Amino acid sequence: MKKKVLFICTHNAARSQMAEGLLRSLAGDRYEVFSAGTEPGAIHPYAVRVMAEIGMDISLHRSKNVDEFAGHPIDMVITVCDHAKETCPIFPGVAQNIHQSFEDPSALTGSEESILAGFRRIRDEIKGLDGQHIFIELIFLGRCILFRHFPFYRQGVKQLMTTAAWQHTLVDRFTKWWALERMPWLDWIQLEVTSRCNAACTYCPRTVYHSTWENRDLSLDTFERLLPILAKTKMVHLQGWGEPLLHKQFFDIVARVKKAGCKVGTTTNGMMFDRPAISKFVESGIDHVAFSLTGIGEENNRVRKGTDFSRILQVIADLVAEKKALQIKTPIINVAYLLLRSHLPDIGKTVPVLAGIGIQQVIISTLDFVPNKKLREDCLVPKDESEYQELKSQLDQLVGDGERAGLRIHYHLVSPAKGNRICMENAERALFVSADGAVSPCVFANIPVSGAFHVAGGYESVYRRFTFGNVAEESIPTIWQSQRYSAFRDSFDSTPHPLCRECQKLSPIRKLPRSQGGAG
């Protein structure tokens, strides 16, 4: 009995129609092939035209609603666009659900010839690179359906398969596909676009280690190596050890992440925003932005040298006005507030100044990485349970004030209690990629400096970067599943890495009714 395969895209106008025609031509003796759309329209005439160019007639196809197949036995459902994946109904009894997104040719613009060229390119991507039916290989070889099922196997590919080069290529493709299949969904990837900055915050490693600091910018080549894993990533946060908007191709990166179907956010010092940048930022579709503050008013300016508190508030007001003018809800505006011990007396100023101006939430964190002894006293770590409860009471009062003023406030306070510990950086379901492509569990393990000292557990020690590989040499799934990285995650609860052991992001599990984590 033939297996039933259903291709789904949004409008059932081009991609799923071409996939249906291709598979029926390539393996119609083995598979019953159908296509449908979650919001069906009409078949695009250019899809019919480019398929006819390779001898496949889909002119009699019609656009169908996916609901037509409800209740019918389907063996394999393949979504070929991200929107269809999110809105596709569940088919009970389906043995395999596969997602492989392709660009929407119906959205192409330009001359007729350029649009046709785009349709041909996407047709060939579905058919397979260089005519070798790579898409079909990944689906059917990857799902253990033999090559002998296909006519092209009997038409000479069998001989081609005997060559060492082809065998190597096929094994390489299958290995990468299988590694991606085994990857868990990541809650987020924190991606550093640059380690350059236009500010000089007194507590920042970049300022303290300025003489040995490595300025690095994310290349588009390095970024493009991350695209496959974005299919299994919920959010990408563009932030590292620099000011993200200094990267000349920041908005290009945002666009590519959005196209991959991920939510995208960033953290900024707010000093790169002029009127055109505000419009471009809002129009980019970025989902959320956090403005970094350390204190209110002049206290912020004194510590975050090169920034201006009043200007940041004006930028926030301009962003809110631009969102209102365009009648859109994004980006959501937050504040990443670093609370220093010396600023505790002024913490009450936070709500009166920040409430009611368009900020959705304030996320309070403490100094998580202490680059030298001078800064140790400003690190807000309770020395005992009594001080912890006192600080917690102050912060709970602040949260309550915020609730009454319509401003959500969250905080993370390091507890002196013993017990099971959790990592606020979510090392088991998230990772950090630096601008040079190095992969680490979090941003604190990947500071671009060598031979520097830092303070951990009350003692000064040499800082050493802690990474598991580089995307220039290996894919994220390969790095994630490596023996070293797997061992790190497996032993995290019992015997965390020395760099993690004294980290303030690694805290005992205890109930904080009014708090849910730090700024990250």
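Residues numbered from 1 in each chain as written. Predicted model: local features only at pLDDT ≥ 70, side-chain atom pairs only at ≥ 80, totals over all residues. Heavy atoms only, no water.

## Things to note about the overall build of the protein
- Within the protein one finds 19 helices and 20 strands.
- Counting only contacts in the protein whose residues sit at least 6 apart along the sequence, the fraction spanning at least 24 positions is 73%.
- Carbon and sulfur atoms form 52% of the exposed surface of the protein, whose accessible area is close to 24000 Å². (Helix = DSSP H or I, 4+ residues; strand = E, 2+ residues; numbered from the N terminus. Contact = heavy atoms within 4.5 Å. Areas by Shrake-Rupley, 256 points an atom, 1.4 Å probe, with all protein chains shown as cover.)

## Section: the pairing of strand E8 (residues 263-268)
- The buried fraction of E8 is high, at five of six residues.
- Both strand E7 (residues 235-238) and E8 contribute to a ladder of four bridges, which runs parallel. By the bridge assignment, Val236 is partnered in E8 with Val264.
- Remark: the E7/helix H11 (residues 250-259)/E8 crossover connection has right-handed handedness.
- Strand direction decides the pairing type here: E8 and strand E9 (residues 288-293), joined by four bridges, are parallel. Considered in E9, the bridge of Thr267 is made with Ala290. (Buried < 20%, exposed > 50% of the residue type's maximum accessible area, 1.4 Å probe, protein only. Pairing = 2+ DSSP bridges. Right-handed = clockwise from strand over helix to strand, strands pointing away.)

## Looking at the confidence of the model for the protein
- Confidence in the prediction for the protein averages 83 pLDDT; 84% of positions are at 70 or higher.
- Put simply, helix H6 (residues 151-160) is where the protein has its lowest mean pLDDT, 42, and E9 is where it has its highest, 97.
- Taken together, the stretch residues 129-162 has pLDDT below 50 and engages in 81 contacts with residues farther than four places along the chain or on a different chain. (pLDDT = per-residue confidence, 0-100.)

## Things to note about unusual backbone geometry
- The amide bond that connects Thr330 to the next residue, Pro331, takes the cis arrangement and shows omega of 5°.
- Checked against the element boundaries, Pro331 lands in the loop between helix H14 (309-326) and strand E11 (332-338).
- Unlike most non-glycine residues, Gln327 shows phi in positive territory, near 55°.
- Residue placement: Gln327 occurs in the loop between H14 and E11.

## What to know about the pairing of strand E3 (residues 76-79)
- Of the two faces of E3, the one holding Met76 and Ile78 and the one holding Val77 and Thr79 are both buried throughout.
- Judged from the four bridges that link them, strand E1 (residues 3-9) and E3 form a sheet pairing that is parallel. Opposite Val5, over in E3, you have Met76 as the bridge partner.

## A word on the pattern of salt bridges
- In the structure shown here, the tally under the stated rule is 26 salt bridges.
- For the salt bridge of Arg120 with Glu113, the shortest nitrogen-to-oxygen distance reads 3.2 Å.
- For Arg120, a relative accessible area of 22% gives the class partly exposed.
- Using a relative accessible area of 48% as the deciding quantity, one classes Glu113 as partly exposed. (Salt bridge = Lys/Arg side-chain N within 4 Å of Asp/Glu carboxyl O.)

## Things to note about the sheet that holds strand E16 (residues 438-440)
- Strand order in this open sheet of 10 strands is E13-E12-E11-E9-E8-E7-E5-E15-E16-E19, and the pairing throughout is mixed. Each having just a single partner strand, strand E13 (408-411) and strand E19 (469-470) make up the two edges of the open sheet.
- As judged from the two bridges shared by strand E15 (residues 430-433) and E16, these two strands associate in the antiparallel manner. Within E16, the residue paired with Phe432 across the bridge is Ser440.

## Description of the environment of Glu283
- Relative to the helices and strands, Glu283 resides in helix H12 (residues 275-283).
- If sequence neighbours within four positions are ignored, Glu283 has contacts with Glu322 and Leu326.

## Thoughts on the state of the cysteines
- Tallying each qualifying case throughout the model produces zero disulfides.
- Lacking any disulfide linkage, Cys201 is separated from the closest cysteine sulfur, that of Cys204, by 6.0 Å.
- Residue Cys201 is classed as buried on the basis of its relative accessible area of 8%. (Disulfide = S-S within 2.5 Å.)

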